[in-house]
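Structure at a glance
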Amino acid sequence: METCILIVEDEKDLLEILEYNLKKEGYFVKSSLNGQGGLAALDTTPIPELVILDLMLPDISGIEICRRLRANPKTRDIPVLMLTAKSEEIDRVIGFEVGADDYVTKPFSVRELMLRVKALLKRSATRETPGEEIVFGALKIDVPAHRVWVNEEETVLTALEFNLLTTLYERKGRVQTREVLLCDVWDINADVTTRTVDTHVKRLREKIGLAGVYIETVRGVGYRFAGRINEGGV
Ligand code: CA
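What this report covers is the structure whose coordinates are included nearby. (Residues numbered from 1 in each chain as written. Predicted model: local features only at pLDDT ≥ 70, side-chain atom pairs only at ≥ 80, totals over all residues. Heavy atoms only, no water.)

**Re the sheet that holds strand β11 (residues 215–218)**
In space, the three strands of this open sheet follow the order β10-β12-β11, with antiparallel pairing throughout. On the outer flanks of this sheet lie β10 (176–177) and β11, each paired with one strand and no other. Pairing of β10 with strand β12 (residues 222–225), which is carried by two bridges, proceeds in the antiparallel orientation. Its bridge partner being in β12, Q176 is matched across the sheet by Y223. On top of the sheet, helix α8 (residues 194–208) reaches β11 and β12; it is set at about 145° to β11, its chief contact. (Pairing = 2+ DSSP bridges. Helix = DSSP H or I, 4+ residues; strand = E, 2+ residues; numbered from the N terminus. Contact = heavy atoms within 4.5 Å. Axes fitted to C-alpha atoms, helices over the stretch in contact; angles between N-to-C directions.)

**Brief notes about the sheet that holds strand β3 (residues 50–54)**
Read across the open sheet, the five strands follow the order β2-β1-β3-β4-β5; overall the sheet is parallel. Single-partner strands in this sheet number two, and they are β2 (28–32) and β5 (102–105). Shown here is a sheet whose adjacent strand axes are inclined to one another by a mean of 15°, direction ignored. Two strands pair when backbone bridges link them, and strand β1 (residues 4–8) and β3 are joined in this way by four bridges, in the parallel orientation. Each bridged residue has a counterpart across the sheet, and for L6 the counterpart in β3 is V51. The strands that helix α1 (residues 12–24) touches are β1, β2, β3 and β4 (80–84); relative to β2, the one it contacts most, it runs at about 170°. Of the strands in this sheet, β3 and β4 touch helix α3 (residues 62–71), which is tilted by about 170° from β4.

**Some details on the coordination of the calcium ion**
Protein coordination at the calcium ion: the donors are D10 (OD), D54 (OD) and M56 (O), at 2.1 to 2.3 Å from the metal. For the calcium ion, the single-chain donor residues occur in sequence as D-x43-D-x1-M. Taken together, the positions of D10 in the loop between β1 and α1 and D54 in strand β3 put the pair 44 residues apart, joining distant regions of the chain. (Donors = N, O, S within 2.8 Å, 3.2 Å for Na, K, Ca; no water.)

**Concerning unusual backbone geometry**
The omega torsion of the bond from T45 to P46 falls at -5°, within 30 degrees of zero and hence cis. In this model, K106 is joined to P107 through a cis peptide bond whose omega is -5°. Relative to the elements of secondary structure, P107 occurs in the loop between β5 and α5 (110–126). Phi angles above zero are rare outside glycine, and N151 is one such case at about 50°. Here N151 lies in the loop between β8 (147–150) and β9 (153–155). The phi torsion at E152 lies on the positive side, around 70°, for a residue other than glycine. Among the secondary structure elements, E152 is positioned in the loop between β8 and β9.

If you want it as structure tokens, here you go:
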């Protein structure tokens with residue numbers, strides 16, 4: 001079956017361009033010119049495997065839609081690519097508060113957007129590979145189910161945060177530069193900056209609470225998952 005992508009965008013011309021190009025690439029496209037329709041499309045089959053979401057919508061904001069999507073267990077793992085015209089909103093959009101997986105700032109090229117879409121879908125598909133349960137101190141990760149617990153309390157991560165956490169864990173004890181993480185976790189060489197890595201690590205640490213200490217900052221280099229658990233379990 002074709003991969004289903006939902007576009008929520010109130011600029012009709014832009015919506016049509018995106019729709020045309022995604023269909024040309026072989027995707028099944030659902031679209032809405034407003035937030036209400038977008039939420040309805042998230043609740044009907046086929047459930048989209050990716051959402052392209054405009055930040056500024058006439059009824060419900062992209063931020064609110066993203067929050068609701070993350071709050072629903074049925075939709076919380078769907079990657080969200082946010083379209084934004086306001087660069088100052090970016091930290092909020094990809095930050096803890098909203099939880100989009102990636103963003104592009106308008107105006108953007110269709111080619112750029114397609115690359116982001118493919119990267120997000122690829123990232124989300126690799127998560128489907130069967131894995132195992134990881135237990136490291138206070139942290140427990142059910143890899144196939146994409147669920148994370150800290151001291152038995154579940155914390156909800158976005159697809160990107162989950163991938164960041166498991167990528168760091170798989171290479172525990174070894175420093176990963178921001179560039180390597182960008183390449184392996186974000187999987188694009190486009191114009192995301194190394195600051196993006198810092199923003200996501202910060203958010204991931206906040207979400208995993210006391211297990212955040214396992215992700216160590218190596219000044220001037222990057223990040224490292226702790227090689228072993230310190231005394232006391234944390
Ligand atoms: Ca808009």
